[in-house]
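Report on the structure
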Amino acid sequence: MSLVARLARPEIRALEPYAHAAWEPSFERLHANENPWRYPGDTSRAGLNRYPAPHPLELEARLATLYGVEKERLIAGRGSDEGIDLLTRAFCVPGRDAVLLCPPTFGMYRVAARIQGAEVLEAPLARDQGFALDEESVTGALTPAVKLVFLCTPNNPTGNALDQAAIERLAGALTGRALVVVDEAYTEFGSAPSLIGRLDAFPNLVVLRTLSKAYALAGARCGVLIAATEIVELLRRIIPPYGMPAPSSEAVLTALEAPRLATLRERIALLRRERARLAQALAALPIVRKVWPSEANFLLTEFRDAARALEAARGAGFLLRDFSRGALTPGCLRISVGSPAQNDRLIAALTLAAP
Ligand SMILES: *Cc1c(COP(=O)(O)O)cnc(C)c1O
């Protein structure tokens, strides 16, 4: 039996997808009840009076090249958040199935599961080993109801990359039983290779990537899910037609043109250098207890007095993300690496905050 036949919700497999209007760009469109004129000042390429492609095929072809996969293995959505949502809806039967998470981690996995009515099981990362994946704890928490195991590497909010061999062992152990979803939102800032290259070896592996972080397109809301063709085909049945707004597709296609891409890559290198500089400066401050090593564009920083640090940052005009009440992240704030000038101002503000 195929993986999808075994694991996906039967009603999703049986679903008749929405029959959208024909997509034949060489014809004049009198079949979709659109307005014949652009709004005054509409400078978009396609014209916002027109519906976008029902599925953003041109965008997906470009993203397939970017990530080095066949376009049949990739689906673009409104952020990788949509990938998380699609997987949860397609694979978890409400009230019966479950997802497994490794906290502390990204909050959307839990929210998507709760909305779907799926149970959330947890196998916490090992804080005393630098928030490493705890394979025994994952194996111990697994039940037959678990359809999706979410792993985030480098992990948000801890910043460390998970051990690739451990992820592969888990994917191997779960073959035919559950999907292992690896969220690589911050991969461009780290040194570990992507697991995209391992998709052929593990048919139950799913990789999420996003343009929100390294590609500076958080406002465009574009992310991708890369997996075996049969998984992508299933998700194409439930992703809303016309879901990707035309301005978003156009922004992504423009940002990925060669000269701009070169600038983006230089900025990634700059952020990595700033991450090292900021980490060193923070670690030297009396109010800081520990800066956790990071392969992402943020630093999980443990403070002797997190409330005071938050207040000092706010006083200088900065918002930081508060994880200080998390069971595994006491006293911790997550600090995004900013521009050199922003980092200087933040360091100055925190220098003045006595513990
Ligand atoms: C920021 C982030 C994303 C990106 O979500 P988008 O919907 O693509 O903006 C995904 N996963 C993690 C862990 C993140 O931190």
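As the structure is a prediction and not an experimental result, all values here were calculated from the model.

To continue, consider the overall build of the chain. Of regular secondary structure, the chain possesses 12 helices and 11 strands. In terms of overall dimensions, the chain is globule-like: its C-alpha atoms have a radius of gyration of 22 Å, near the 20 Å expected for 355 residues. Dimensions of the chain, computed from C-alpha atoms along their principal axes, come out at roughly 70 × 55 × 30 Å. Taken over 355 residues, the chain has a buried fraction of 52%. Partitioning the intrachain contacts of the chain with sequence separation of at least 6 by distance along the chain shows that 68% fall at a separation of at least 24.

Contacts to the ligand come from 14 residues, most closely from Ser 80, Asp 183, Thr 210, Ser 212 and Lys 213. For the ligand, an oxygen atom lies 2.6 Å from a polar atom in the backbone of Ser 80. Note that an oxygen atom of the ligand is positioned 2.7 Å from one of the side-chain N or O atoms of Arg 221. Calculation on the ligand without its partners gives an accessible area of 380 Å², and the protein chains cover 93% of this total. Examining the composition of the shell around the ligand, we find that three residues originate from one element, helix H4 (residues 79-91), more than from any other. Grouping the amino acids of the shell around the ligand by side-chain chemistry returns five nonpolar, five polar and four charged.

Moving on, we come to the sheet that holds strand S9 (residues 298-303). Within a sheet, neighbouring strands are paired by backbone hydrogen bonds and run either parallel or antiparallel to one another. Pairing within the open sheet is antiparallel, and its four strands lie in the order S8-S9-S11-S10. Edge strands, defined here as strands with exactly one partner in the open sheet, are strand S8 (288-291) and strand S10 (321-322). Strand direction decides the pairing type here: S10 and strand S11 (residues 332-336), joined by two bridges, are antiparallel. The partner of Arg 321 across the bridge, within S11, is Arg 334. Lying on the sheet, helix H11 (residues 306-315) is in contact with S9, S10 and S11; it crosses S11 at an angle near 30 degrees.

Here we come to the environment of Gly 315. When you line up the elements, Gly 315 lands in helix H11. Considering only alpha carbons, one finds Gly 315 and Leu 350, 35 residues apart in sequence, at a separation of 10.0 Å.

Strands sit in the order S1-S7-S6-S5-S4-S2-S3 across an open sheet of seven strands; the sheet is mixed. What marks the edges here is a single partner per strand, and that holds for strand S1 (74-77) and strand S3 (119-122). The sheet shows a mean angle of 25 degrees between the axes of neighbouring strands, direction not considered. Note that strand S6 (residues 205-210) and strand S7 (residues 223-226) share four bridges and pair antiparallel. Looking at S7, one finds that Arg 209 is bridged to Val 224. Its contacts with the sheet put helix H7 (residues 164-173) on strand S4 (146-152), strand S5 (179-183) and S6, and the angle it makes with S5 is roughly 155 degrees.

The subject of this paragraph is the packing of aromatic side chains. Throughout the structure, instances matching the rule amount to five aromatic pairs. Aromatic side chains Phe 106 and Tyr 109 sit 5.5 Å apart centroid to centroid with 75 degrees between the ring planes, which places their arrangement in the edge-to-face category. With relative accessibility at 0%, the residue Tyr 109 sits in the buried group. Each ring, one from Tyr 186 and one from Phe 298, has its centre 5.0 Å from the other, and the planes form 85 degrees; the classification is edge-to-face. Of the two residues, Tyr 186 sits in the loop between S5 and S6 while Phe 298 sits in strand S9, which places them 112 residues apart along the sequence. Just as Tyr 186 is buried, Phe 298 falls in that class too.

Attention now moves to the side chain of Arg 209. If you trace the backbone, Arg 209 turns up in strand S6. Overall, the relative accessible area of 7% leaves Arg 209 in the buried class. Among the polar contacts made by the side chain of Arg 209, one reaches the side chain of Glu 184 at a distance of 3.3 Å. In terms of polar contacts, Arg 209 uses its side chain to reach the side chain of Ser 194, at 3.3 Å. In contact with Arg 209, not counting residues within four places along its chain, are Tyr 67, Ser 80, Glu 184, Thr 187, Glu 188, Ser 194, Ile 196, Gly 223, Val 224 and Ile 226.

The subject of this paragraph is the pairing of strand S2 (residues 98-101). Side-chain direction in a regular strand flips from residue to residue, so the side chains alternate between the two faces of the sheet. Here S2 shows a buried face lined by Ala 98 and Leu 100 and a second buried face lined by Val 99 and Leu 101. Sheet topology places S2 next to S3; four bridges connect them, and they run parallel. Its bridge partner being in S3, Leu 100 is matched across the sheet by Leu 121. Taken together, S2, helix H5 (residues 108-116) and S3 constitute a β-α-β crossover, and its handedness is right-handed. With three bridges joining them, S2 and S4 adopt parallel strand pairing.

Split into domains, the chain comes out as domain 1 (3-256) and domain 2 (260-352). Distance from the C-alpha centre of domain 1 to the C-alpha centre of domain 2: 28 Å. Residue-level contacts link 29 residues of domain 1 with 22 residues of domain 2. Surface buried jointly by domain 1 and domain 2 totals about 2,100 Å² across both partners, of which 63% is contributed by carbon and sulfur atoms. The largest share of the area that domain 1 buries against domain 2 comes from Arg 127, Pro 157 and Phe 189, three residues that together contribute 33% of it.

Procedures and definitions
- Residues numbered from 1 in each chain as written.
- Predicted model: local features only at pLDDT ≥ 70, side-chain atom pairs only at ≥ 80, totals over all residues.
- Heavy atoms only, no water.
- Helix = DSSP H or I, 4+ residues; strand = E, 2+ residues; numbered from the N terminus.
- Rg over C-alpha atoms; globule rule 2.2 N^0.38 Å.
- Buried < 20%, exposed > 50% of the residue type's maximum accessible area, 1.4 Å probe, protein only.
- Contact = heavy atoms within 4.5 Å.
- Near = heavy atom within 4 Å.
- Polar contact = N/O pair within 3.5 Å; in protein donor to acceptor, adjacent residues only side chain to side chain.
- Areas by Shrake-Rupley, 256 points an atom, 1.4 Å probe, with all protein chains shown as cover.
- Nonpolar A, V, L, I, M, F, W, Y, C, P; charged D, E, K, R; others polar.
- Pairing = 2+ DSSP bridges.
- Axes fitted to C-alpha atoms, helices over the stretch in contact; angles between N-to-C directions.
- Phe/Tyr/Trp six-rings, centres within 6.5 Å; stacked < 30°, edge-to-face > 60°.
- Right-handed = clockwise from strand over helix to strand, strands pointing away.
- Domains from an automatic or database assignment.
- Buried area = accessible area lost by both parts, 1.4 Å probe.

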